[in-house]
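Observations on chain architecture
One letter stands for each residue in the lines below.
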Amino acid sequence: MKNPCNGCKIIPIFTHYSISHLEQSDMLRKLKANGIFTGRQLLDAAHVLVCTQDGTIVNIVHDKDAGEGVELFEGLLCPGFVNCHCHLELSHLLGQIPQHTGLVQFILHILALRSTNEATIVQAMQQAERQMLQEGIVAVGDISNLAISLAVKQHHQLYYHNFVEVSGFSPAVADTRFEAAKAVFQQFVQHFPKSTSLVPHAPYSVSAKLFEHINRFNAHPLTSIHNQECADENAFFVSGDGQFNVLYQQLQVDTAHHVPTRKTSIQSVLPLLSAPEHVILVHNTCIDEKDVKWLQVAHGNKQIAYCICINANLYIENKLPPIDMLINQNVPLVVGTDSLASNATLSILSELITIHRHFAHLSLALLLQWATINGAQALGIEAQFGSFEPGKKPGILCIEGIDAQMKLHSNCSVKVIMA
């Protein structure tokens, strides 16, 4: 791999000082590779990452100041990855749903297949969590419709923010659906008191009455909502047309209350979600520039992160999200894996490889920023995760196999140095 800075100017982020007085200490590890991505910038091979034995970051120093005992790695050192959108409880559906069905048929498959015996679900979740650990993921924003994932999460091998999801498009079921979701929320909050939110599923699946319940509950300032995952979602709100009518007919859900707003889905429902200060919009496959500008003006008081789950977009709709447009609008982007029902793997590196394959003009540093510090900021955990800064314990990875053009490809892999 070439010098990762490729001639760029190095801006020091830490004070470079000698650590020779700690040379005999067994408390430190000194890690050097072809380069270091700090979470915000690329540093060249002349830098050494210094951490304690438990992975707490001490400093980044020039190699001439590092002294002896430096460990050498082939690749790029990087903070642990943050997966901002996952459905761990769907892990048992790996390979069971055909690709390119479109979102409506995909949802019908999920509803038909998701129920099975608890032992099978738990075993699949355990295996999926092991995969995330092996792939260098340190923190996850995970969607939960049931409390079953607690069997895995309560061991705290990964940091989880639990988005307890509620849905119900008919106003008639709003009360019962909310009470059921609140019961699940209470189970999670016993184990994750500071990292559990009760959130709406999607614009097309939550009634105005159910949004009212969610707003009144307002237990956490962070929320997540699936957004504009397919063109039919917008059509359902703009004109009342599209495949969501088929979905609700098959589910025997009364949609008589639904009146087309002549606005896109996000413009139709985000005004109904008044309480949360921080919002993660997930998928955004069919969002356009007008929507983003509307969000910036009409909801500028909210901190909105746009989550890209490119492998799931291709799996379900065979469509790419408008990444270039989102970059041009200067909005924060983060990365998720979605579920094993819509993906072959729960790997953030795999997501970045796919992004680089379709958007080769993007820099490696930009993609890694989305997967580290941006994700940590979106989940509100940047005090610990997302970057190499003194006192943090973000996990330490080595990304191997990056090519001479600083591009990710299918032969790249992750080595976990410190979890």
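Preceding this section is the structure that the text describes.
Anyway, here's the lowdown on the structure attached to this text. Treat the numbers as computed from the prediction; the structure is a model and nothing was measured. (Residues numbered from 1 in each chain as written. Predicted model: local features only at pLDDT ≥ 70, side-chain atom pairs only at ≥ 80, totals over all residues. Heavy atoms only, no water.)

**Points about the environment of Asn162**
- Topologically, Asn162 is positioned in strand 10 (residues 159–166).
- According to the relative accessible area criterion, Asn162 is buried, its value standing at 0%.
- Along the primary structure Asn162 and Phe192 are separated by 30 residues, whereas in three dimensions their C-alpha atoms are 7.9 Å apart.
- One polar contact links Asn162 to Lys153, side chain to side chain, over a distance of 2.9 Å. (Helix = DSSP H or I, 4+ residues; strand = E, 2+ residues; numbered from the N terminus. Buried < 20%, exposed > 50% of the residue type's maximum accessible area, 1.4 Å probe, protein only. Polar contact = N/O pair within 3.5 Å; in protein donor to acceptor, adjacent residues only side chain to side chain.)

**Focus on the packing of aromatic side chains**
- If you walk through the whole model with that rule in mind, you get 9 aromatic pairs.
- With a centroid separation of 5.8 Å and 55° between ring planes, the pair formed by Tyr159 and Phe385 is classed as tilted. Linking Tyr159 in strand 10 with Phe385 in the loop between helix 13 (364–379) and strand 16 (396–400), this pair joins segments that are 226 residues apart in sequence.
- Accessibility expressed as a relative area gives 7% for Phe385, which makes it buried.
- Judged by centre distance (5.6 Å) and plane angle (55°), the rings of Phe169 and Phe236 are tilted. Here Phe169 is found in the loop between strand 10 and helix 4 (174–191), whereas its partner Phe236 is found in helix 6 (residues 231–238), with 67 residues between them in sequence. For the pair Phe169 and Phe236, one class covers both residues: buried. (Phe/Tyr/Trp six-rings, centres within 6.5 Å; stacked < 30°, edge-to-face > 60°.)

**Section: helix 6**
- Residues of helix 6 that are buried include every one of Glu233, Asn234, Phe236 and Phe237, and no others. Projected down its long axis, helix 6 shows its buried positions confined to an angular sector of 155°, all on one face.
- For helix 6, the secondary structure elements touched by its buried residues are strand 12 (222–227), helix 7 (244–250) and helix 8 (265–269).
- Looking one or two places after helix 6, you find Gly240, whose phi comes out positive at around 85°. (Arc of directions from axis to C-beta. Contact = heavy atoms within 4.5 Å.)

**Re the packing of helix 12 (residues 348–358) against helix 13**
- Direction vectors running N to C along helix 12 and helix 13 enclose 145°, while the axes themselves pass 11 Å from each other. Considering how the two elements wind past one another, helix 12 and helix 13 form a crossing that is right-handed. Contact residues: Ile348, Leu352, Ile355 and His356 in helix 12; Leu364, Leu367, Leu368, Trp370 and Ala371 in helix 13.
- For the contact of helix 12 with helix 13, the residue count by class is 8 nonpolar, 1 polar and no charged. (Axes fitted to C-alpha atoms, helices over the stretch in contact; angles between N-to-C directions. Left-handed = near helix turned anticlockwise from the far one by under 90°. Nonpolar A, V, L, I, M, F, W, Y, C, P; charged D, E, K, R; others polar.)

**Let's talk about the pattern of salt bridges**
- For the structure shown, the criterion picks out 10 salt bridges.
- Close ionic contact of Arg114 with Glu89 constitutes a salt bridge, the shortest N to O distance being 2.8 Å. A residue pair is termed long-range when its members are at least 10 positions apart, and Arg114 in the loop between helix 1 (103–113) and helix 2 (118–134) and Glu89 in the loop between strand 8 (81–86) and helix 1 qualify at 25 residues.
- Here Asp142 ties to Lys153 by a salt bridge, and the two come within 2.7 Å at their closest N and O atoms. Separated by 11 residues along the polypeptide, Asp142 in strand 9 (residues 137–144) and Lys153 in helix 3 (residues 150–153) bring together distant segments of the chain.
- Judged by relative accessible area, Asp142 falls into the buried class, the value being 0%. (Salt bridge = Lys/Arg side-chain N within 4 Å of Asp/Glu carboxyl O.)

Taken by themselves, the reported measurements are silent on function.
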